[in-house]
Amino acid sequence: MESQYKKFHFQEVDCLIYFSPNGNSGKYCNYNVVLVDRKTGKAQPEKVVKLGDFLDSPEIEQKYPHTIGYFKVSSGEKENFKPEYLELRVIRTVEEFWLFLNALDI
């Protein structure tokens, strides 16, 4: 992913979401994000999903709290993935995630 993307790691479910620097406006739940599901251990293509659909999935919605890391750079891939987090937050509700996005000016 290009460096201008805003990148988040949902640690407990080992998913990455990437926000494009352009093309999204309005409510966050309608934003298109690139989703990378890392927990399968298999090479899986990135897919574009609505942020609201990802957050409404049972894996996310029913398993709060989540530790989410905001990062710009990562070293390694797959099992050696070690992002350099700029900020880590534990969120307990989707509203706390919206506040996190607001704080990062997304």
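Please refer to the structure higher up on the page.
Rules behind the numbers
Residues numbered from 1 in each chain as written. Predicted model: local features only at pLDDT ≥ 70, side-chain atom pairs only at ≥ 80, totals over all residues. Heavy atoms only, no water. Salt bridge = Lys/Arg side-chain N within 4 Å of Asp/Glu carboxyl O. Helix = DSSP H or I, 4+ residues; strand = E, 2+ residues; numbered from the N terminus. Buried < 20%, exposed > 50% of the residue type's maximum accessible area, 1.4 Å probe, protein only. Core = buried A, V, L, I, M, F, W, Y, C linked by side-chain atoms within 4.5 Å. Contact = heavy atoms within 4.5 Å. Polar contact = N/O pair within 3.5 Å; in protein donor to acceptor, adjacent residues only side chain to side chain. Phe/Tyr/Trp six-rings, centres within 6.5 Å; stacked < 30°, edge-to-face > 60°.

(A) Layout of the pattern of salt bridges. If you walk through the whole model with that rule in mind, you get 2 salt bridges. For Arg38, the salt bridge goes to Asp14, with nearest N and O atoms at 3.0 Å. Placement of Arg38 in the loop between strand S3 (32–37) and strand S4 (47–50) and of Asp14 in the loop between strand S1 (6–10) and strand S2 (15–19) is noted, with a sequence separation of 24 residues between them. One salt bridge connects Glu87 with Arg89, and the closest N-O pair in it is separated by 2.8 Å. Take Arg89: its relative accessible area is 27%, and that puts it in the partly exposed class.

(B) Representation of the nonpolar core within the structure. Ranked by size, the top nonpolar core spans 23 residues in total, and within it Phe8, Phe10, Ile17, Phe19, Leu51, Phe54 and Phe97 carry the most contacts. Of all the elements in the fold, those that place two or more residues in this core are S1, S2, S3, helix H1 (51–56), strand S5 (66–75) and helix H3 (94–103). Setting aside residues no more than four positions away along its own chain, Phe54 makes contact with Phe10, Cys15, Ile17, Leu35, Val49 and Ile60. The next biggest cluster of nonpolar side chains, apart from the first, holds 7 residues, and it includes Leu16, Val34, Val36 and Phe81.

(C) Representation of the side chain of Asp14. A distance of 2.8 Å separates the side chain of Asp14 from the side chain of His9, its partner in a polar contact. If we ignore the near neighbours within four places in the chain, the residues touching Asp14 are His9, Val36, Asp37, Arg38 and Lys39.

(D) Representation of the packing of aromatic side chains. Counted under the stated rule, the structure contains 11 aromatic pairs. Taking the centre distance of 6.3 Å and the plane angle of 85 degrees together, the rings of Phe71 and Tyr85 count as edge-to-face. Here Tyr85 lies in strand S6 (residues 82–91) and Phe71 lies in strand S5, a separation of 14 residues in the sequence. Residue class for Phe71 comes out buried when judged on its relative accessible area of 1%. Note on Tyr85: relative accessible area 28%, which makes it partly exposed. Taken together, the aromatic side chains of Phe8, Phe10, Phe19, Tyr28, Tyr31, Phe54, Tyr70, Phe97, Trp98 and Phe100 make up a single cluster linked through ring pairs.

So far we have only geometry, and geometry alone does not tell us how the molecule works.
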